[in-house]
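Structure assessment
Spelled out from the first residue to the last, the chains are:
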Amino acid sequence: MNIGLDFDNTIACYDVVFHTVATEKSLIDPSVPVDKISVRDNLRENNMEEEWIKLQGFVYGSAMKRVNAYEGVTEFLDWAKRKNHVCKIISHKTKHPYRGPKYDLHSTAREWIETSFSNSNNLIEKKFIFFHQTKAEKIEQIGIQKCDIFVDDLPEILKAEKFPKGTRKILFDPYSHHLKEPNIERISHWDQLKTLLT
């Protein structure tokens, strides 16, 4: 089985890093809840959209080494390999931040994946790591890779008109942000994905 996986906010969990860095930079009060969305909303409520944009570039670039995978990701990838499934990361993000230093965001993400999952135990082969700059390119790649399932935190990807018809859609929604999407299978923890595929 070809298992397609999104990267940002599906494999890579940015909650702690966004909160920590925003606190270090005195952009938020430490009492703000420790998750990415709360940090974003707090900055926007305080008319700090520009700071939020720069913070994203810094986290996805310079601070990427401080990011952790969601709980259960490594265990799932190990299970998939033992079951002879092929996991492929297919993601979209800009090559460089909109503001601030011109970090190569594709390169820093790829290095993080290779360090976490490829170099030691080869849970994801380097040839199956794809980063694109647009959602359309990402969706096209899902079809090219003949993904039997695809896991993403963005409903708009799974609901896109050109999303491959034969690919099973699974929404990763750990904080129940998308409860108004009743017609898409959802998981809130990676352990649940093993159950769905067993």
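Notes on the structure in this doc start here. Computed from a predicted structure; not experimentally measured.

Focus: the sheet that holds strand β6 (residues 149–152)
- Pairing is parallel across the open sheet formed by 6 strands, whose spatial order is β5-β4-β1-β6-β7-β8. What marks the edges here is a single partner per strand, and that holds for β5 (129–132) and β8 (185–187). Sheet twist, expressed as the mean angle between neighbouring strand axes with direction ignored, is 25 degrees.
- Relative to β6, strand β1 (residues 2–5) runs parallel, the two sharing 3 bridges. Directly across from Ile3, in β6, lies its bridge partner Ile149.

Considerations on the pairing of strand β4 (residues 86–92)
- In terms of residue burial, β4 counts as a mostly covered element, since 6 of its 7 residues are buried.
- Bridge count between β1 and β4: 4 bridges; the pairing is parallel. Within β4, the residue paired with Gly4 across the bridge is Lys88.
- Here β4 runs beside β5; their pairing, made up of 4 bridges, is parallel. Residue Ile89 lies in a different strand from β5, and its bridge partner there is Ile129.

Reading guide: rules and limits
- Residues numbered from 1 in each chain as written.
- Predicted model: local features only at pLDDT ≥ 70, side-chain atom pairs only at ≥ 80, totals over all residues.
- Heavy atoms only, no water.
- Pairing = 2+ DSSP bridges.
- Helix = DSSP H or I, 4+ residues; strand = E, 2+ residues; numbered from the N terminus.
- Axes fitted to C-alpha atoms, helices over the stretch in contact; angles between N-to-C directions.
- Buried < 20%, exposed > 50% of the residue type's maximum accessible area, 1.4 Å probe, protein only.

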